[in-house]
Amino acid sequence: TAVVAGQTNLLTNGSFEFWTQYHPDHLARLRDALPALDEKEPLVPVRWWAQSGATTTLTRSTEAHGGRYAVSLVREKGAPGTYMHLSYLEVNPGSTYTFGVWIKGKGSIAVRPTGKALEGGQELGSASGKATDQWQQVVGTFTAPRHIRLVQLNLAVGGETDLLIDDAHISA
């Protein structure tokens, strides 16, 4: 399963089931910050923001861990880092949460929940993993500090990559 038994995924579209297109006027302005999208159908996962260079391609894949869709991320050797995040989820201070993603293919990923604090972003935890030809979970836990009420989930991918990413979660 995508989350630990008995827990609920609190992320909206952590499963990457919902995709949309940027308005053509916005897409033209964003091309320098976004990874390359499918030319025929330039879809992006709803509520997720991706940042990378044009030598990285982000597309919707039907080879999913759970559900119908996953993210396919292909990066050339030497490409700048690729970052994705989903903002913001409200958390209860003092509560413990599980976070992570499922990956498959070639490459590695770091998963980091970051809390929104008055002094700026505060990393609450980190988990990393290297993909293989089988789906595997990259998972960690964090306890929300007293001064954190909002959390975003950050994904960082580096190096030469042909990676499928699915079922991202922050669960309680």
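These lines cover the structure that appears in this document, whether it is placed above or below.

Calculation notes
- Residues numbered from 1 in each chain as written.
- Predicted model: local features only at pLDDT ≥ 70, side-chain atom pairs only at ≥ 80, totals over all residues.
- Heavy atoms only, no water.
- Helix = DSSP H or I, 4+ residues; strand = E, 2+ residues; numbered from the N terminus.
- Buried < 20%, exposed > 50% of the residue type's maximum accessible area, 1.4 Å probe, protein only.
- Contact = heavy atoms within 4.5 Å.
- Areas by Shrake-Rupley, 256 points an atom, 1.4 Å probe, with all protein chains shown as cover.
- Lys, Arg positive; Asp, Glu negative; His and termini not counted.
- Salt bridge = Lys/Arg side-chain N within 4 Å of Asp/Glu carboxyl O.
- Polar contact = N/O pair within 3.5 Å; in protein donor to acceptor, adjacent residues only side chain to side chain.
- Phe/Tyr/Trp six-rings, centres within 6.5 Å; stacked < 30°, edge-to-face > 60°.
- Lys NZ or Arg CZ within 6 Å of the ring centre and 35° of its normal.

## Digging into the overall build of the protein
Helix and strand content of the protein: one helix and twelve strands. Helices (α) and strands (β) of the protein occur, in sequence order from the N terminus, as β-α-β-β-β-β-β-β-β-β-β-β-β. Looking at the protein as a whole, 46% of its 172 residues are labelled buried. In the protein, 71% of the contacts between residues at least 6 apart in sequence involve partners at least 24 apart. For the protein, the exposed surface amounts to about 8,800 Å²; the carbon and sulfur share of it is 49%.

## A look at the side chain of Arg 75
Within the secondary structure layout, Arg 75 lies in strand β6 (residues 70-75). Within the buried core, Arg 75 has no salt-bridge partner, and the shortest N-O distance to an opposite charge, that of Glu 160, equals 9.5 Å. Within the structure, the side chain of Arg 75 is placed 2.9 Å from the side chain of Thr 82, a separation counted as a polar contact. Those residues within four positions of Arg 75 in sequence are excluded, and the remaining contacts are Ser 52, Thr 55, Thr 56, Pro 80, Gly 81, Thr 82, Val 157, Gly 158, Gly 159, Glu 160 and Thr 161.

## Thoughts on the pattern of salt bridges
On inspection of all chains with the given rule, the structure shows three salt bridges. Note that Glu 63 is salt-bridged to Lys 104, the shortest N-O span being 2.5 Å. Of the two residues, Glu 63 sits in the loop between β5 (56-61) and β6 while Lys 104 sits in strand β8 (residues 96-117), which places them 41 residues apart along the sequence. The partly exposed category is assigned to Glu 63, whose relative accessible area is 38%. Since its relative accessible area comes to 18%, Lys 104 is described here as buried.

## Details of the packing of aromatic side chains
For the coordinates displayed, the defined rule picks out three aromatic pairs. On the basis of an interplanar angle of 45° and a centroid distance of 6.1 Å, the ring pair of Phe 99 and Phe 142 is categorised as tilted. A residue pair is termed long-range when its members are at least 10 positions apart, and Phe 99 in strand β8 and Phe 142 in strand β11 (residues 136-143) qualify at 43 residues. One cation-aromatic arrangement involves Lys 116 over Tyr 88; the distance from NZ or CZ to the ring centre is 5.1 Å.

## Section: the environment of Thr 132
Mapped onto the elements of the fold, Thr 132 is located in the loop between β10 (127-130) and β11. Distance in space between the C-alpha atoms of Thr 132 and Gly 107 is 8.1 Å, their sequence separation being 25 residues. With sequence-adjacent residues up to four places away left out, Thr 132 is seen in contact with Lys 104 and Gly 105.

## Re the side chain of Thr 56
In this structure, Thr 56 sits in strand β5. Take Thr 56: its relative accessible area is 0%, and that puts it in the buried class. Polar contacts involving the side chain of Thr 56 include one to the side chain of Ser 52, which spans 3.0 Å.

Don't take any of this as a statement about function, it's just geometry.
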